[in-house]
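# Fold and geometry: a report
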Amino acid sequence: MSLSPCDFSDALSRPIRRHLGRAVARWRMIRPGESLFVGLSGGKDSLVLLVALRALQRRSPVSFSLVAGTLDPTGGRLDVSPLGELCEKLSIPYRTKSFPLFDVIRARGEASPCSFCANYRRGLLNGMAREAGCSVLALAHHLDDAVETALLNLCFSGRFRSFKPTGFQDRSGIRLIRPLVTVTEERLAQEARRLALPLVESPCPFAGQSERETMKGFIRDFRRRNPGVRENILNALESLDAQDRWEVPL
């Protein structure tokens, strides 16, 4: 699909637009006059998020601005020019920052490289957001990410919890939002292909080696017997009740 600068965001599918709009409204993710910094990794999820927020910006009665930014974890070896071109097409300011995060992880010999990378990367993105004058960091975590995180915490930490759709980070003063949190990974992949978005292949040297990949396979297999398992887990996260806890009587 070949799209001109003026109609690129208009081509976004209605289901994606509806999911994002409902999430933004339900969890009050965007406030009038705010400036959002979109973490643009180059993967399908962040690219769809960028296009979706641009579409929302053009239609929303709430005025807000957008800035996009990419953290290059290779320290400068990643070609991010396709992302800059997309941002130019969408008329969104674009920033980049290089940091040898993968080299740091190797040097430390991290037992949980994905968790360390996510936390370190978010800290660097918070800094980029502040430098851009933004008060909100928008990340592209989706429904599958939320479900996998909940089950990983249950199995490895003994706590049933996941990241939240929105939250305030005290140390950075940046508010974090996840507008795609109710969208499935498959739908995002289909949308990225349909729009022919310029994906930048992940350079992660640890891909496919994490417990998250194992959990992803478990959920995929379980969905063959229970197609609604992800939505059920999301519902459980939203409806945790004190009556369901095992508590010692006083």
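In what follows, the structure referred to is the one given above.
Residues numbered from 1 in each chain as written. Predicted model: local features only at pLDDT ≥ 70, side-chain atom pairs only at ≥ 80, totals over all residues. Heavy atoms only, no water.

Between helix H6 (residues 143-157) and helix H9 (residues 229-238), the least distance of the axes is 10 Å, while the angle of their chain directions is 65°. By the criterion of interaxial angle, the relationship of H6 to H9 is roughly perpendicular. Every pair of crossing elements has a handedness; the one defined by H6 and H9 is left-handed. Contacts from Leu 143, Asp 144, Ala 146, Val 147, Ala 150 and Leu 151 of H6 reach H9 at Arg 230, Glu 231, Ile 233, Leu 234 and Leu 237. (Axes fitted to C-alpha atoms, helices over the stretch in contact; angles between N-to-C directions. Helix = DSSP H or I, 4+ residues; strand = E, 2+ residues; numbered from the N terminus. Parallel < 35°, antiparallel > 145°, perpendicular 65-115°, else oblique. Left-handed = near helix turned anticlockwise from the far one by under 90°. Contact = heavy atoms within 4.5 Å.)

Here we take up helix H3 (residues 81-89). Every buried residue of H3 is accounted for by Leu 83, Leu 86 and Cys 87. All buried residues of H3 lie within an arc of 100° about the axis, which places them on one face of the element. Among the exposed residues of H3, those oriented more than 90 degrees off its buried face are Glu 85 and Glu 88. If you follow the buried residues of H3, they end up packed against helix H2 (44-59), strand S2 (65-72) and strand S3 (94-98). (Buried < 20%, exposed > 50% of the residue type's maximum accessible area, 1.4 Å probe, protein only. Arc of directions from axis to C-beta.)

Another point: the nonpolar core. Leu 20, Ile 30, Leu 36, Leu 49, Leu 50 and Leu 53 are the most contacted members of the largest nonpolar core, which has 41 residues in total. It is H2 that provides the largest number of residues to this core, a total of 9 residues. Among all residues touching Leu 53, those that are not within four sequence positions of it are Leu 20, Ile 30, Leu 36, Val 38, Phe 64, Leu 66, Ala 138 and Pro 179. Counting 20 residues, the second-largest nonpolar core is a separate cluster that includes Phe 37, Leu 101, Leu 125 and Leu 137. (Core = buried A, V, L, I, M, F, W, Y, C linked by side-chain atoms within 4.5 Å.)

Glancing now at the side chain of Thr 182. Checked against the element boundaries, Thr 182 lands in the loop between strand S6 (174-177) and helix H7 (185-194). One polar contact links Thr 182 to His 19, side chain to side chain, over a distance of 2.9 Å. Residues in contact with Thr 182, not counting those within four places in the same chain, are His 19, Trp 27, Leu 143 and Leu 234. (Polar contact = N/O pair within 3.5 Å; in protein donor to acceptor, adjacent residues only side chain to side chain.)

Let us now look at the sheet that holds strand S5 (residues 166-169). Spatially, the 6 strands line up as an open sheet ordered S3-S2-S1-S4-S6-S5, and their pairing is mixed. A strand with exactly one partner marks an edge of an open sheet, and here the two such strands are S3 and S5. Here the average twist between neighbouring strands, direction ignored, is 25°. Where S5 and S6 come together, 4 bridges link them in antiparallel fashion. Bridge pairing in S6 places Gln 169 opposite Ile 174. Along the sheet, helix H5 (residues 113-131) contacts strand S1 (35-39), S2, S3, strand S4 (136-138), S5 and S6; its crossing angle with S2, the most-contacted strand, is approximately 140°. (Pairing = 2+ DSSP bridges.)

Bringing the side chain of Thr 184 into the picture now. Within the secondary structure, Thr 184 sits in the loop between S6 and H7. For Thr 184, a relative accessible area of 14% gives the class buried. Ignoring sequence-local partners within four residues, the contact set of Thr 184 consists of Leu 143, Asp 144, Arg 230 and Glu 231.

The phi torsion at Arg 28 lies on the positive side, around 50°, for a residue other than glycine. Given a relative accessible area of 68%, Arg 28 falls into the exposed group. The phi angle at Ala 196 is positive, at roughly 55°, despite the residue not being glycine. As for its position among the elements, Ala 196 is in the loop between H7 and helix H8 (211-223).

Moving on, we get to the pairing of S3. Pairing between S2 and S3: 5 bridges, direction parallel. The partner of Gly 69 across the bridge, within S3, is Arg 95. Taken together, S2, H3 and S3 constitute a β-α-β crossover, and its handedness is right-handed. (Right-handed = clockwise from strand over helix to strand, strands pointing away.)

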